[in-house]
Every structure is written in structure tokens, then in C-alpha cells.
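Survey of secondary and tertiary structure
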Amino acid sequence: MRNITRPAIAAGVLAIKAKPGHLVSYLLATLVTGAMPVAAAWLTKLVLDRLSVGTAVGPLIGPAVGLAAVGLAAGAIPQITQYLRAELQREVGLRAQDQLFAAVGGFVGLGRFENPHFLDRLRLAQQAGSLTPGQAVDGVLGIVRAAITIGGFLGALYLLNPLMTVLVLVAGLPMLAAEVVLSRQRARMFWDIGPVERREIFYSQLLSSVEAAKEVRLFGISDLLRGRMFVERRTANNAKRQVDRREAVVQTWLGLLGAMVSGVGLIWAVGTAQTGRLSVGDVTIFVAALAGVQGALSGLAGEVARTHQALVMFDHYVAIIKAEPDLAVPATPRPLPPLTTGIELRNVWFRYSPEHPWILRNLNLRIPHGSAVALVGLNGAGKSTLVKLMCRFYDPTQGSIIWDGVDIREVDPAVLRQRIGAVFQDFMHYEMSAAENIGLGDLSAFDDRAQIEAAARRARVHDTLTELPRGYDTLLSRMFFMESDKENPDTGVVLSGGQWQRLALARAFLRDRRDLMILDEPSAGLDPEAEHEVHRSLRQQRQGQTSLLISHRLGAMRDADRIVVLADGRIVEDGDHDALMAADGEYARLFALQASGYQERSEPVALTGAQ
């Protein structure tokens, strides 16, 4: 019971807050629906008993009118109930999804999004959040409805045969217990196959996404991916099949038990009626009560099972919205001063978990205010991890990061990030308009077309955007269309990789004059001419600003005030370009190796094949 108390309370609170009026109406309709079969059976008994003794028409009018009223209610209430149920589910699902993604958006760091167990839980929470609260409320009211029907018919059975009442109840208890156990097993199965279904989704996305379409076709790997996708699907299907088979066996035996009890009851009723101890009406209500209790018990067991399973699944949702902060946020954050001195990393060690190797090892680095510091190193040296720490997507495992004398763990992360502009190596492509793609860089300028266009000019992408079918308002997607474009499928545009790169730069330039600018491979997708233009613009952008630069193109880094070389999570060299070249160390080796690709051969190439 402990496992479903928390989600049950959360689902109930959601329903009450979403549509209280609809919830009350749905509850009343449920009460009437549960009472109608009992009322119809008793009214039928009265009519038959009075007819069997030749009663005048007068005493029959009341029960007959009652039966007619029950019939009218039976025709109208289900339709009203269906509408109320659907409306309640829509509103509860909307509120639940809003709460879920508000909670997800409130996570400070990236750790949970790089955790497979969390991703499985998030996927189940998304499924449960949109449907489960409504299903849970519907299930609880279904239990109430079944309980009313069972209570009414049990009263009738008890009046006719107390022993049969006990027998029917005893036969129904195993059904309830079995359904709860089976629902728990099914919920556990959904959790167990989470990674399997996530891999299936991964392969299906590769087979259907435009990003992968070129390589899938060029390399001829469609059959391989499809085969792996179906292996995962069969694995999931086998797990579901085992649960279905177990449920079928259990429910078959329980159904046979219920049928045997009904058979015994019918034999007793017929025999008793022949002796005159039961009237025609008594037999009628006994048969109706027996069938009604059996059916209601079966329905109750089903509702209990579905509600239990829904609440177990909903616990994934509750676990996310009630999750503790992924990174500690101070209750009273310290003010973050303007950057006037610099940023300092002191004795920073970092690894993603105790099972992972160290990424950074006792790293000490100072980035003075107004200077441009470049990070150089081979893949895996720790450059991008250092950027994550400075944006406080993670906290150092040991050590600290100091911003003008203040540990960044002591300030509000949102305030810290407002002071940082960045272009990340894995920048986003937003399926939105060109103006919106830039405006997302600073929501305060989201609707300021002048600032957006100024940022685009600095990124050398303004001319490209003005030539699009709708200019800056062109949707940069072929996945869907804006409402205004639905009649014209040619308006959706997909940019080239270099154009997307410039758009990401414009997004960063919109965050103008921030205290710290981080540029992680800002020109990786550009041609040489565009790269030259962008770096010239970047030099203008960072004049007098504090900048952290990362690039594998060392020629673009040579004008940085300092160049820091990382290897195996440590600083192995530190100085400007000239000093590092003179030291003839790792930087000089990498620079010479890269430069050699642009130099002409020193010796002529001999022609072959001439005689």
C-alpha cells in the first residue's frame, strides 16, 4: 500500500485542482450508475410479485414508473459520464504534463539527462503523466460504482440466503487478490523493458529521421538497423506475452470458480422456488443479484488492478516532480558581482561518478577579466567538461570555481547563466523560424527585430536569412509547418551545416556584453573564408571581454592572450602562442602537425608512367 499512497494522493490533488466541478458531477453520475442495477432489480421484483397475485393496476404504476425512470437514466447518464470522464482526463493530463516539464526544467544540471535510469523513468513519467491521473480517478470512481452495486445486491442476497452471500464473497476475494498481484507484475514488466523500448525507439528514429537518412542509404545499413529494431521489439513482446499468458491462466481459473458458485446458486433458487418458499420476484432478484454481484466483483477486480497499475506507473511521475535538486542551490544565494577581477579554478577534480575515471585532475586555472584564454588539447583532454563546470551544469567533485571571490555554488545558477554567453560544439537546431532561432539566445530581445538582425549581421548570416522565402520569419524545418504556411509546403527551409553554425553564433552574439563568453568550436562547420570572417567578428566581439575559447584549429587560437594546453585532465603548458612555440612542447608539436597540411611539398613529385 505504501507504494501507491503517494501517487494516489498526487493524482487526487491534480483532479481536484484541474476541474473540481467536473469531478463532483462525475462522482454523482458514478453513484447513480452504481445504484441503477440494484434499483432496476428491486422494481422488477415488485412488478412480478404483484402481477403473480393478480394485483390491480394502481399498485403497479409506481414500480412501472420507477423502471421507466431507471431506463431513461440508463440511456442518458452513460453519455454524460463519458463526456465528463474525457473532459476531466484532458484537463488533468494537461496540468500533469505542465507540472512534469516544469519540474524537469527546474533541474539545475545535466547529470540526470545523461543517466539511462533517469531517462527510462522520464519516458514512463511522460506516458503516465498524460493519462494516468485521469485513469486513476476513473478507476477510483469505478471502484465506488462497483462497491455500490455489490452492496445493494449483497443486501438482496442476504435477505434470501445468507450462506450464499458468504459463498459469493469468498469466491470473489481470490479474484481481487490475484488482480492486484498481476497488476504489480505488469507494472514491473514495463519498468524492466524500459531500456529495450528505448533502444527500439533509437533504431526507429535512425530509420525515419532526416539527420540519419544520408548515411543510412549511403552505407546500406537500413536492414541492419531494422533487424536490431525488431530484435528489441520481440524482446519487449516476449516479456508482455509472459505476463498476458499468466493473466489468462489465472483469470480462467477464477472465472470457472465464479461460474461454479453461480451454478450452485441457481440450482438452490430453482429448488427453493418449487417448494413455494421463493416467489417469482424473489427468484428474479436472486438471479439478478447473483449475476450482478459476480459481474460487479469482476469489474471491481479489474478496476482495482487497472488503478493499482496506473498508480504504480504514476509513481515514476511523482518521483520526478518530487525529486530533490540535482545540484545544491543555496536557500539564500549570494549576489554575483560583475566580473572585474577574473575567474579562478582551484584544485578542481571531476569525474561523472565513482565508477568513472577522473576527467580533470587537480586543475588550477585563472582567467583574468578582459582576457581571452584558449584551451587546447586532444579529444578527451577535459576541455568540454571544464566548460560544463563553469556553466555549473555539474559541480566539481573536489575543488571550487571562484567568480570575483565568490564560489559559484553559492549563487543562483540562473543568475550565473545570465552572465554567460556561449556557442557550444553540439549547438541546437530549433525547428522554429530564423528570427526565433536567434531570439532564443536572449528572451529579453526575443521580439526585438533590430537586435536580432544586428546579431545576424555580426555572424555574417543576415544576407542568407533575408533571401529566405519569408525572410527572418521563415520556418527552418521540413518536419512541420506554421499555420500560415500550411497551404504552401515550399516555405519550410533546411539550412546547411555552416549556415546553422552562423545562426548559433548569432544566438550567442545576441547575448552581447555578458561577463563571460564561451566559444566551443565556434567555426567547426565553416569554410575557410567564412571561418576567417567569423573569427574576425569574434575578435571584435571579445575586445575588453573575458573569453574562453576552444578549438582544434590552432591557427584560430594564436591571437588569444593565453593558451592553456590540457592533457589527461591536467594543464601541461600555459603561455601565449610565441612562448609555447619557443618552448617546443606539445602545443608546438600539434601546431606544426596541423600547419604541415597547408604547406606545399618541399620536393617535386616524380611523374610515373612516362618512358
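Structure shown above.
Residues numbered from 1 in each chain as written. Predicted model: local features only at pLDDT ≥ 70, side-chain atom pairs only at ≥ 80, totals over all residues. Heavy atoms only, no water.

Re the overall build of the chain
- Looking only at helices and strands, the chain has 18 helices and 10 strands in total.
- Look at the contacts in the chain between residues 6 or more apart in sequence, and 74% of them connect residues 24 or more apart.
- A total accessible area of about 31,300 Å² is found for the chain, and carbon and sulfur atoms account for 59% of it. (Helix = DSSP H or I, 4+ residues; strand = E, 2+ residues; numbered from the N terminus. Contact = heavy atoms within 4.5 Å. Areas by Shrake-Rupley, 256 points an atom, 1.4 Å probe, with all protein chains shown as cover.)

What to know about a nonpolar patch on the surface
- A cluster of nonpolar side chains, contributed by V24, L27, L28 and L31, occupies part of the molecular surface with about 330 Å² of accessible area.
- Take L28: it is sitting in helix α2 (residues 20–52). (Patch = residues over 30% accessible without salt bridge, like charges linked within 9 Å, V, L, I, M, F, W, Y side chains within 5 Å. Salt bridge = Lys/Arg side-chain N within 4 Å of Asp/Glu carboxyl O.)

Focus: the pairing of strand β1 (residues 342–350)
- For β1 and strand β2 (residues 360–368), the ladder comprises six bridges, and the chain directions are antiparallel. Its bridge partner lying in β2, L345 is registered against L365.
- Pairing of β1 with strand β4 (residues 398–403), which is carried by five bridges, proceeds in the antiparallel orientation. The partner of E344 across the bridge, within β4, is I402. (Pairing = 2+ DSSP bridges.)

Here's the deal with the environment of D448
- Position of D448 relative to the elements: it lies in the loop between α12 (434–439) and α13 (449–458).
- For the pair D448 and A435, spaced 13 residues apart in the sequence, the C-alpha separation amounts to 9.4 Å.

Considerations on the packing of aromatic side chains
- Evaluation of the coordinates by the stated rule reveals 11 aromatic pairs.
- Chaining the aromatic ring pairs together yields one cluster made of F107, F113 and F118.
- Here the basic side chain of R112 rests over the ring of F107, its NZ or CZ set 4.6 Å away from the ring centre.
- Its end group placed over the ring of F509, R458 keeps NZ or CZ at 5.4 Å from the ring centre. (Phe/Tyr/Trp six-rings, centres within 6.5 Å; stacked < 30°, edge-to-face > 60°. Lys NZ or Arg CZ within 6 Å of the ring centre and 35° of its normal.)

Examining the nonpolar core
- Core analysis: the largest hydrophobic core is formed by 40 residues, its most contacted members being V376, I438, L465, L503 and Y587.
- Secondary structure elements with two or more residues in this core: β3 (372–376), α12, α13, α15 (497–510), β7 (516–520), β9 (562–567) and α18 (586–595).
- The leading source of residues in this core is α15, at eight residues.
- Not counting residues within four places of it along the chain, the set of residues in contact with L465 comprises A434, I438, A456, G471, Y472 and L503.
- Counting residues in each nonpolar core, the second largest holds 34 residues, with V348, W403, V406 and I420 among its members. (Core = buried A, V, L, I, M, F, W, Y, C linked by side-chain atoms within 4.5 Å. Buried < 20%, exposed > 50% of the residue type's maximum accessible area, 1.4 Å probe, protein only.)

What about the sheet that holds β2?
- Spatial ordering of the open sheet is given by β2-β1-β4-β5, a layout of four strands whose pairing is antiparallel. Each having just a single partner strand, β2 and β5 (406–407) make up the two edges of the open sheet.
- Helix α10 (residues 383–390) contacts β1, β2 and β4 of the sheet and is inclined by roughly 65 degrees relative to β2. (Axes fitted to C-alpha atoms, helices over the stretch in contact; angles between N-to-C directions.)

Description of unusual backbone geometry
- Its identity is not glycine, yet N347 carries a phi of approximately 50 degrees, on the positive side.
- Looking at the element boundaries, N347 is found in strand β1.
- Of note in the backbone geometry, D568 takes a positive phi value of approximately 55 degrees without being a glycine.
- Residue placement: D568 occurs in the loop between β9 and β10 (570–575).

Remarks on helix α6 (residues 194–208)
- With 15 residues, α6 ought to run about 21 Å at 1.5 Å a step, and its terminal C-alpha atoms sit 21 Å apart, in line with that.
- Considered for burial, the residues of α6 that qualify are G194, V196, E197, E200 and Y203. (Expected span 1.5 Å × (residues − 1).)

Regarding the side chain of T81
- By the secondary structure assignment, T81 is in helix α3 (residues 58–105).
- For T81, the contacting residues outside a window of four places in its chain are Y26, A29 and T33.

Some points on the sheet that holds strand β8 (residues 546–550)
- One open sheet accounts for six strands, arranged β6-β7-β8-β3-β9-β10; its pairing is mixed. The sheet is open, and its two borders are formed by β6 (420–423) and β10, each paired with just one other strand. Averaged over all pairs of adjacent strands, the angle between strand axes in this sheet comes to 15 degrees, irrespective of strand direction.
- In the sheet, β6 pairs with β7 via four bridges, with the strands oriented parallel. Bridge pairing in β7 links G421 to M517.
- Against the sheet, α10 contacts β3, β6, β7, β8 and β9, and its axis sits at roughly 150 degrees relative to β8.
- Running over the sheet, α18 touches β3, β9 and β10 and is turned about 95 degrees from β9.

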